[in-house]
Amino acid sequence: MNSLAPSQFIFPDPIEADPDEQGLICIGADLDPSTLYEAYTHGLFPWFSEGEPICWWSPEPRCIIRPQDYKPSKSLLRNMKKFDYQITINHAFEQVIRSCSLPRQYADETWISEEIIQGYCQLFQAGYAYSVEVWDQDKIVGGLYGVSIGHGCFGESMFSTQTDVSKMAFYTLMLLGRENDLPWIDCQLVNDHLISLGACTLSRHEYLKSLQDVIKQPPIDWKSYQERVFSSKTIANFSRLME
């Protein structure tokens, strides 16, 4: 893990800056890895459309999922056993984030701009971001990426080109969270899909208080996972990554 230069920006306290609980905390700054690190440790994340100024958010309430609360569906487990996908961690971060940036069937635009991609790739190179990839032979067919600081794990985006493969990546992340005793994985904004997966909400005050505890914990040992290739069948049958 590489040390980052101190950020040239100081982010405000979200509660003081947003007493009306609208979620938008500030506008401006940049997407350098040191700025992103500073933002996440203060409970903020960037969210804006290409061509707009950078907007930093801290929603009220905050959506999280506790890894121990996640229960994979029976249909997902069947597909993981039926199709022998390979699942890796931190093997293709840039490919994952670029795939996440592509237009979806339900939307022509994406918030993941080239500026976002470059900033998070640099954050990954410094050791503060992660990816989970799902492969069909030598082709990546799904995955997700996020930020990792201490025991704080922050989900950003996922994609899939085949049925259930993004859910396989998500299940893998939940198992990783359980094995590392992560209290929660940040999902940022609440929606029905996340709730169906077992997500819940914390007040912004509760989230920020917990955040300061988790980011001080020892970081996840990503290399212990990165050196392995996991079978979807194995994960479905044993429900642990390190067996």
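Up top you'll find the structure we're talking about.
Residues numbered from 1 in each chain as written. Predicted model: local features only at pLDDT ≥ 70, side-chain atom pairs only at ≥ 80, totals over all residues. Heavy atoms only, no water.

Topic: the packing of aromatic side chains
Here comes step 1: Taken as a whole and assessed by the stated rule, the structure comprises 14 aromatic pairs.
Here comes step 2: Taken together, a centroid distance of 5.8 Å and an interplanar angle of 80° make the contact between Phe93 and Tyr145 edge-to-face. A residue pair is termed long-range when its members are at least 10 positions apart, and Phe93 in helix 4 (residues 93–100) and Tyr145 in strand 7 (residues 139–149) qualify at 52 residues. Residue Phe93 shares its accessibility class with Tyr145, and that shared class is buried.
Here comes step 3: Between Tyr130 and Trp222 the ring centres are 5.0 Å apart and the planes differ by 10°, which places this aromatic pair in the stacked class. Of the two residues, Tyr130 is situated in strand 6 (residues 129–136) and Trp222 in helix 9 (residues 222–226); the sequence distance between them amounts to 92 residues. (Phe/Tyr/Trp six-rings, centres within 6.5 Å; stacked < 30°, edge-to-face > 60°. Helix = DSSP H or I, 4+ residues; strand = E, 2+ residues; numbered from the N terminus. Buried < 20%, exposed > 50% of the residue type's maximum accessible area, 1.4 Å probe, protein only.)

With respect to the packing of helix 2 (residues 33–41) against helix 5 (residues 114–125)
Here comes step 1: Remark: helix 2 packs on helix 5, axes separated minimally by 8 Å, with the N-to-C direction vectors making an angle of 80°. It follows from the interaxial angle that helix 2 and helix 5 lie roughly perpendicular. Contacts from Pro33, Leu36, Tyr37 and Tyr40 in helix 2 reach Gly119, Tyr120, Gln122 and Leu123 in helix 5. (Axes fitted to C-alpha atoms, helices over the stretch in contact; angles between N-to-C directions. Parallel < 35°, antiparallel > 145°, perpendicular 65-115°, else oblique. Contact = heavy atoms within 4.5 Å.)

Comments concerning the side chain of Thr172
Here comes step 1: For Thr172, the location among the structural elements is in helix 6 (residues 165–179).
Here comes step 2: Beyond its immediate sequence surroundings of up to four residues, Thr172 is in contact with Ile87, Ile89, Val132, Ile235 and Leu241.

Section: the pairing of strand 6
Here comes step 1: The buried fraction of strand 6 is high, at 7 of 8 residues.
Here comes step 2: With 8 bridges connecting them, strand 6 and strand 7 associate as antiparallel partners. Looking across to strand 7, one finds that Ala129 is bridged to Val147. (Pairing = 2+ DSSP bridges.)

Re the pattern of salt bridges
Here comes step 1: According to the stated counting rule, one finds 5 salt bridges in the structure shown.
Here comes step 2: With a closest N to O distance of 2.9 Å, Asp18 and Arg204 form a salt bridge. Of the two residues, Asp18 is situated in the loop between helix 1 (14–17) and strand 1 (24–27) and Arg204 in helix 8 (residues 204–214); the sequence distance between them amounts to 186 residues. Per residue, the accessibility class of Asp18 equals that of Arg204, and both read buried.
Here comes step 3: Between Arg98 and Glu114 there is a salt bridge whose closest N-O contact spans 2.9 Å. Here Glu114 lies in helix 5 and Arg98 lies in helix 4, a separation of 16 residues in the sequence.
Here comes step 4: Taking the relative accessible area as the measure of exposure, Arg98 reaches 30% and is therefore partly exposed.
Here comes step 5: Beyond isolated ion pairs, a larger network of salt bridges with shared partners links Glu94, Arg98 and Glu114. (Salt bridge = Lys/Arg side-chain N within 4 Å of Asp/Glu carboxyl O.)

Digging into the sheet that holds strand 5 (residues 86–89)
Here comes step 1: Spatially, 10-4-9-8-7-6-5-11 is the arrangement adopted by the 8 strands of the open sheet, whose pairing is mixed. Since the sheet does not close on itself, it has two edges, and those belong to strand 10 (200–202) and strand 11 (230–231), each with one partner.
Here comes step 2: Examined bridge by bridge, strand 5 and strand 6 share 4 bridges and lie antiparallel to one another. Considered in strand 6, the bridge of Gln86 is made with Trp135.
Here comes step 3: Packed on one face of the sheet, helix 4 meets strand 6, strand 7 and strand 8 (152–160) and runs near 100° to strand 7.

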